[in-house]
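Below are the chains, spelled out letter by letter.
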Number of protein chains: 2
Amino acid sequence: MTLILYELAAAEEDRRFSPYCWRTRMALAHKGLEAERVPWRFTDTEVIAPSGQGRVPVLVDDGRWLSDSWVIADHLEAAYPDRPSLFGGAVGRALAHFVGQWVEGVIHPRLFRMIACDVHAHLADRDKDYFRTSRERRIGMSLEAFAADRDTRREGFRRSLDPARAALAARPYLSGDAPAYADYVLFGAFQWARCISPYRILDADDPLHAWRARLLGLYDGLAGKALGYPC
Amino acid sequence: MTLILYELAAAEEDRRFSPYCWRTRMALAHKGLEAERVPWRFTDTEVIAPSGQGRVPVLVDDGRWLSDSWVIADHLEAAYPDRPSLFGGAVGRALAHFVGQWVEGVIHPRLFRMIACDVHAHLADRDKDYFRTSRERRIGMSLEAFAADRDTRREGFRRSLDPARAALAARPYLSGDAPAYADYVLFGAFQWARCISPYRILDADDPLHAWRARLLGLYDGLAGKALGYPC
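Residues numbered from 1 in each chain as written. Chains lettered and ligands numbered in written order. Predicted model: local features only at pLDDT ≥ 70, side-chain atom pairs only at ≥ 80, totals over all residues.

### A closer look at the relation of the copies chain A and chain B
What counts is decided by this rule: The copies were overlaid by least squares, fitting only the C-alpha atoms of residues that reach a pLDDT of 70 or more in each copy.
Of the transformation placing chain A onto chain B, the axial shift is 0.0 Å and the rotation is 180 degrees, giving an RMSD of 0.0 Å. Taken together, the turn and the small shift mark the pair as related by a two-fold rotation axis. By C-alpha distance to the rotation axis, the residue of chain A lying nearest is Gly92(A), at 2.1 Å.

### A look at the sheet that holds strand S3 (residues 58-61) of chain B
Two strands in a sheet stick together by hydrogen bonds in their backbones, pointing the same way (parallel) or opposite ways (antiparallel). Residues and elements named next belong to chain B. So the rule is basically this: Two strands pair if DSSP finds at least two bridges between them. Runs of H or I in DSSP of at least four residues are treated as helices and runs of E of at least two as strands, each being numbered from the N terminus. With axes taken as lines fitted to C-alpha atoms, and helix axes fitted only over the stretch in contact, angles between N-to-C directions fall between 0 and 180 degrees. The contact criterion used here is simple: two residues whose C-beta atoms, placed from the backbone, lie within 7 Å are in contact.
Pairing within the open sheet is mixed, and its 4 strands lie in the order S2-S1-S3-S4. The open sheet has two free edges, formed respectively by strand S2 (36-40) and strand S4 (64-67), since each of these has just one partner strand. Neighbour-to-neighbour, the strand axes of the sheet open up by a mean angle of 20 degrees, direction not taken into account. Here strand S1 (residues 3-8) runs beside S3; their pairing, made up of 4 bridges, is antiparallel. Directly across from Leu-5, in S3, lies its bridge partner Leu-59. Running over the sheet, helix H2 (residues 69-79) touches S3 and S4 and is turned about 130 degrees from S4.

### Considering the sheet that holds strand S3 (residues 58-61) of chain A
Residue and element names in this part refer to chain A. If you walk across this open sheet you meet the 4 strands as S2-S1-S3-S4, and the pairing is mixed. The open sheet terminates on both sides in strands that have one partner only, identified here as strand S2 (36-40) and strand S4 (64-67). Pairs of neighbouring strands in the sheet enclose a mean axial angle of 20 degrees, with direction left out of account. Sheet analysis places strand S1 (residues 3-8) next to S2, joined by 5 bridges and oriented parallel. Following the sheet pairing, Leu-5 is matched in S2 by Arg-37.

### Some words on the interface of chain A and chain B
Our working definition: Residue type decides the class: Asp, Glu, Lys and Arg count as charged, Ala, Val, Leu, Ile, Met, Phe, Trp, Tyr, Cys and Pro as nonpolar, and the leftover types, Gly among them, as polar.
The partner chain B presents 29 residues to the 29 residues of chain A that form the contact. Of all elements in the fold, only helix H3 (90-122) and helix H7 (162-168) of chain A reach the threshold of two or more residues within the side of chain A that touches chain B. Broken down by class, the residue content of the side of chain A that touches chain B amounts to 18 nonpolar, 8 polar and 3 charged.

### Here's the deal with unusual backbone geometry
Just so we agree on the cut-off: Using C-beta atoms placed from the backbone, we call a residue buried if 20 or more other C-beta atoms fall within 10 Å of its own, exposed if 12 or fewer do, and partly exposed for counts in between.
At the junction of Val56(A) and Pro57(A), the peptide bond is cis and its omega measures out at 10 degrees in the coordinates. Within the secondary structure, Pro57(A) sits in the loop between S2 and S3. You will see that Tyr219(B), though not glycine, has its phi angle at about 55 degrees, which is positive. Its place among the elements puts Tyr219(B) in helix H9 (residues 207-221). Overall, Tyr219(B) belongs to the partly exposed group, with 16 C-beta atoms counted inside 10 Å. We note that Asp220(B) has phi near 60 degrees; this positive angle belongs to a residue other than glycine. Mapping Asp220(B) onto the fold places it in helix H9.

By themselves these figures say nothing about function.
Shown next as structure tokens:
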């Protein structure tokens, strides 16, 4: 069994900041699997061409190329059924997808507004133009204008996390007594911010801060040891 | 086995409109259980005093009084383990709670704004003062002022449903191939509106409209046959 994971990297190759790659990294650790982790930049499309598309995470499992964090999670669950489950069954899998839609539709856009310029500042030179052009087309303004009022928007971002905060008031993880894939999906967003931006997105007394600390400590501190900013 | 369910009713005793009672009603049907359904009004606190509190749903299962829709769901899951599961396991249960927090924190408040006056208009006379006083204290304005600009707010309400809409693009139910408790939690919100208000909250071409139609048809059309408005 040989596993290779292509992970988005900044100019420093150890700064791995993609929220989607973090999902896969945590899922591999959850399954007790070791992968060779290959740093990848936005413009390295040729390198992952065998996956049939141009984004990471890309996982190569014994020669089989897989892309898309959900496809990879489903593959890990199916290919390694005797290891701890990522979803806890069909209902858990479907509801993890709901959490994913909430994270991608509600949390990511608000968070990106606070870290967009920091992402750009950390990128390898060869990635900067691609990133600015593609993101500014999507958001319809300059990265600088987009992120300008982040102090004002931070409260709204924090409030948008209320459903997770309320759920965590009654249990240590979104998935219950133990972490599972839905936790990694939300955690990926926080790790995206932590690895690329010094901006403080959570207060220390926020229950989500404590939950994030638990996630940072999992698997021998895998995520907490990763190159990033204090949070 | 004798089951009695106290359900919130409007002036017409067959108009059962509580979103929380609908969760329980659907959960009982999911488990294949029949209950005697007793209409209850906000001011009938004495009737449910043995439950130790003053709200419905209240379920009496062979003399044991239970309140709170989540407590009742947990009871049904534990007491009737050989019948179809409401949660599909521990992860599914925890994530159903997350869905619940999202429904109660994001969806209910926006929806209540559109139906608050219709609720009041349908109540039994003896409930009207209680409802107006308690709700106006909570919202800090008159019910009429609160609901005045519902046409303007409807788009925001619909957008707040985007995570569910996106999740349902890939599967017939939030819980996957078959409905489970998380679906009933969101469905309760829609049934609250349908049973008490003629206001059209979803467009006919909204994927959520189709999902709701599936829920309305479950269990021999249990929810669809309930007294309410076309939707």
